[in-house]
Every structure is written in C-alpha cells, then in structure tokens.
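Structure assessment
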Amino acid sequence: MAGLQPYVDHRTLLILQDGRAIVGVMAGYDQKSNVVLSDSKERVYSMEEGVEEIPLGLYLVKGDQIVLIAEVDEAIDSAVDLSSIRAEPLPAIRY
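Here we summarise the structure given alongside this text. (Residues numbered from 1 in each chain as written. Predicted model: local features only at pLDDT ≥ 70, side-chain atom pairs only at ≥ 80, totals over all residues. Heavy atoms only, no water.)

**With respect to the overall build of the chain**
Along the chain, the regular secondary structure elements total one helix and five strands. In sequence order, the secondary structure elements of the chain are arranged as β-β-β-β-β-α. Compactness check: the chain gives a C-alpha radius of gyration of 13 Å against a globular reference of 12 Å for 95 residues, within 12% of the reference. Taken over the C-alpha atoms alone, the chain extends approximately 40 × 35 × 20 Å along its principal axes. Residue burial in the chain is summarised as follows: out of 95 residues, 33% are buried. In the form shown here, the chain has an accessible surface area of approximately 6,000 Å², with 53% of it arising from carbon and sulfur atoms. Separation of charge centres in the chain, based on 8 positive and 16 negative side chains, amounts to 6 Å. (Helix = DSSP H or I, 4+ residues; strand = E, 2+ residues; numbered from the N terminus. Rg over C-alpha atoms; globule rule 2.2 N^0.38 Å. Buried < 20%, exposed > 50% of the residue type's maximum accessible area, 1.4 Å probe, protein only. Areas by Shrake-Rupley, 256 points an atom, 1.4 Å probe, with all protein chains shown as cover. Lys, Arg positive; Asp, Glu negative; His and termini not counted. Charge placed at Lys NZ, Arg CZ, Asp CG, Glu CD.)

**Considerations on the pattern of salt bridges**
When charged atoms on two side chains of opposite charge get close, those side chains can pair. Considering all chains together, one arrives at four salt bridges under this definition. A salt bridge links Arg43 to Asp77, with the nearest nitrogen and oxygen atoms 2.7 Å apart. One end of the pair, Arg43, is in strand E3 (residues 35-44); the other, Asp77, is in helix H1 (residues 74-79), with 34 residues separating them in the sequence. We note that Arg43, like Asp77, is buried. It is possible to trace a salt-bridge network through shared partners that takes in Arg43, Glu53 and Asp77. (Salt bridge = Lys/Arg side-chain N within 4 Å of Asp/Glu carboxyl O.)

**Considerations on unusual backbone geometry**
Negative phi is the rule for most residues except glycine; trans is the rule for most peptide bonds. Unlike most non-glycine residues, Asp9 shows phi in positive territory, near 70°. Topologically, Asp9 is positioned in the segment before strand E1 (11-16). Backbone geometry places Asp39, a non-glycine residue, at a positive phi of 50°. The exposure class of Asp39 is partly exposed, given its relative accessible area of 46%.

Rendered as structure tokens:
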C-alpha cells in the first residue's frame, strides 16, 4: 500500500478483514501500511435498524487487517441519512 499519501488529511473508509467499516480522517501511515485515523467511527450495519456509528476517536489499524481503503466524499456522506439504510453486515474474510 505504497500509494497512501493522497489519503492523508482526508476522510477515509477502511474495510477490515473481520468485516468492520471504519470511517475517519487519515492522520498517517507507515511502511507496513499501518494506518492512524483521527475522529474515527465504526459503522455497524443491520437489517433491523439503521446504521449505527460508534465513536472510536484516534484509532490505529494494523495494515495486514485492511482489505479496502477509499476516500469518502464528505458532501455526499453528510447528505445520506444513515438511519434509513438497511444492509447485511459484511462477513469476515476466511482464508
């Protein structure tokens, strides 16, 4: 994951191997692709309730746990009503 520099200081979505979705501002990363997010929240998806956001604050994610990194468009993200979204949680990745 050598191309992470463009994500620094931008709102970023990380999908982890255990199926968690973490959104936060990428504060930094290292040569092992470990990522530090500030102002981060875990988004918990459910078919019964809307998306729940759990505040995590400053959060370190080990690089070997990251499956996907994406920049979040803040204008679109803030316009979406997360409480109206129903979705199955992502399953954990099994090797």
